Amino acid sequence: MSELLFRDDAYLKNCTANVTAVGERGIQFDRTVFYPNGGGQPGDIGHILRADGTTIQIINTVKGGGPDEVWHVLADDAAHPALGEQVQLQLDWDRRYTHMRYHTALHLLCAVVAAPVTGGQVAQDKARLDFAVEMDALNKEAIETGLNAFVDAGHTVDQRWITDAELDAQPELIKTMSVSPPRGAGEVRLIEVAGTDLQPCGGTHVRNTAEIGRLVVQKIKSEGKQNKRVIIAFAA
Ligand SMILES: [Zn+2]
């Protein structure tokens, strides 16, 4: 179990940490700034800085089976730090920040398109959500205008925790059918884009929608009878 520092401060770029496990899947630390792949947001990459000044690349970050269990994946031929060793963990911040901007943009897309979400993915150059909706309910210009109005408004993005029981009493908060909310120790993390969107989410977000920058709808396409995909990207 690791202390997940990105949960309370997504802007932390590095931290001191101690190795608590060395296994087949990678390395575990007592604390980390690395976000593990999940909820449509890719796992972070970066490196471990050892006391002797050498570095070890982290090529992915994934979840383990237990609560707050995070594995930092190394290349097959990489040196391994020792159990108990104290190191610095340093994020590839530019890549992560892009994920934060796109991930937050997907919350806005959720608010613009009033339909159940069936899937989603963030990448370096685009992001998408799939909706259970008819094709003619999706208008490229209207979605773009809606997204950019939220960006231009500079809404704050905050988090708070509610109990599982409180969430169960408000099932309308759950908008994503394909991803169950991140529950842990009886509490669920809610992300609120002021006046725009409120839903359980375990990802990393920017503090203000203005940080996302202007967006374009790259493509709207059918992914079968139920699912329609909306792909967005940063405006050039
Ligand atoms: Zn989110």
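Figured I'd write up the structure that's included with this text. Residue positions are counted from 1 within each chain, in the order its sequence is given. Totals for whole chains, interfaces and linings use every residue, but because this is a predicted model, local features are given only for residues with pLDDT of at least 70 and side-chain atom pairs only at 80 or more, for both listing and counting.

1. Some points on the nonpolar core
With 45 residues, the main nonpolar core has Leu89, Ala105, Leu106, Leu109, Leu147, Val230 and Ile232 as its most contacted residues. Under the DSSP-based scheme used, a helix requires at least four consecutive residues in state H or I and a strand at least two consecutive residues in state E, with every element numbered from the N terminus. Sort the elements by how many residues they give to this core and helix H2 (residues 93–112) lands first, with 8 residues. Where a domain begins and ends is set by an automatic assignment or by a domain database. Mapped onto the domain boundaries, this core takes at least three residues apiece from domain 1 (3–91) and domain 2 (96–234). Ignoring anything within four residues of it in the chain, the contact list for leucine 147 reads Ala105, Leu108, Leu109, Val112, Leu215 and Ile232. Each nonpolar core comprises buried Ala, Val, Leu, Ile, Met, Phe, Trp, Tyr and Cys residues, the members being joined through C-beta atoms within 7 Å. Whether a residue is buried, exposed or partly exposed is read from the other C-beta atoms within 10 Å of its own C-beta, which are placed from the backbone; 20 or more gives buried, 12 or fewer gives exposed, and intermediate counts give partly exposed. Note on contacts: each residue gets a C-beta atom placed from the backbone, and two residues are in contact if those atoms are within 7 Å.

2. Here's the deal with unusual backbone geometry
Phi is positive for aspartate 68, close to 55 degrees, though the residue is something other than glycine. Along the chain, aspartate 68 falls in the loop between strand E6 (55–63) and strand E7 (70–74). Given 15 C-beta atoms within 10 Å, aspartate 68 falls into the partly exposed group.

3. Description of the pairing of strand E14 (residues 197–200)
The sheet contact formed by strand E13 (residues 187–193) and E14 spans 4 bridges and is antiparallel. Paired with glutamate 192 across the bridge in E14 is leucine 198. Any two strands with at least two DSSP-identified bridges between them are counted as paired. Where E13 folds back on E14, the antiparallel hairpin that results is connected by 3 residues, among which glycine 195 adopts a positive phi of roughly 65 degrees.

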